[in-house]
Structures are given as structure tokens and as C-alpha cells.
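Tertiary structure, described
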Amino acid sequence: VHSHSFSPCKRQAARLGYLKTLVEAGAMVTHPYCSLCQGRSGGLVSGAQVVVGTHNRNFIGRMGSPAARTFLASPAVAAASALEGRIADPAPYL
């Protein structure tokens, strides 16, 4: 799930093709709101799923199941992790 915080950024990302790339990779692009706690994005996790997120809070059960594991990361680490399917070092992509 990718939520933009600023409309000009979203327009620029669309113009540059970034949003298309994210959607083609399976991301859900949404408007900004507090979706993680509320599951409003359809992003509730279950069981032993793992989340790498750029949000600012991490506590048991915040994103759904208390068995889920949530790792907070910088945007660069989150992007590299999405590309590699594991928590990854972004250095090769910078």
C-alpha cells in the first residue's frame, strides 16, 4: 500500500511513471489517511505475515494479527525490500 502525503508529489510520481510501476508490481496506491491501525486499506495482516513499513509506530496487533511481525524501515529500505522480497540493503539501488 502506498499513500501519498502531498498532491503535487502524487502528480509528479504519476507523470514520471512511478505509480504505474508500483501498481504493476502489485501495490495499492491510496490517498493519505490513517489506514494501518484501522485496516481501511485492506491491508490487515494475519497469522505470521511480515510487514516492512515506513510508518512511525510499531506495536503488537497494530496492523491486524498479534502474530504478525512489523519492521519499521526507511523508504529506501522499504523499496529495496519490495524489489527483493526480503528485508534488503538499498545501497545497490542508490
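Preceding block: the structure.
In what follows, the accompanying structure is described.

What counts, and at which threshold
Residues numbered from 1 in each chain as written. Predicted model: local features only at pLDDT ≥ 70, side-chain atom pairs only at ≥ 80, totals over all residues. Heavy atoms only, no water. Salt bridge = Lys/Arg side-chain N within 4 Å of Asp/Glu carboxyl O. Helix = DSSP H or I, 4+ residues; strand = E, 2+ residues; numbered from the N terminus. Buried < 20%, exposed > 50% of the residue type's maximum accessible area, 1.4 Å probe, protein only.

**Quick word on the pattern of salt bridges**
What the rule picks out here adds up to 2 salt bridges. Salt-bridge contacts for Glu24 lead to Lys20; the nearest nitrogen and oxygen are separated by 3.3 Å. With Glu24 and Lys20 both in helix H2 (residues 18–24) and 4 residues apart, this pair spans about one turn of that helix. For the pair Glu24 and Lys20, a shared accessibility class is recorded, and that class is exposed. A salt bridge links Glu84 to Arg86; the nearest nitrogen and oxygen atoms lie 2.7 Å apart. Under the relative-accessibility criterion, Glu84 is labelled partly exposed at 30%.

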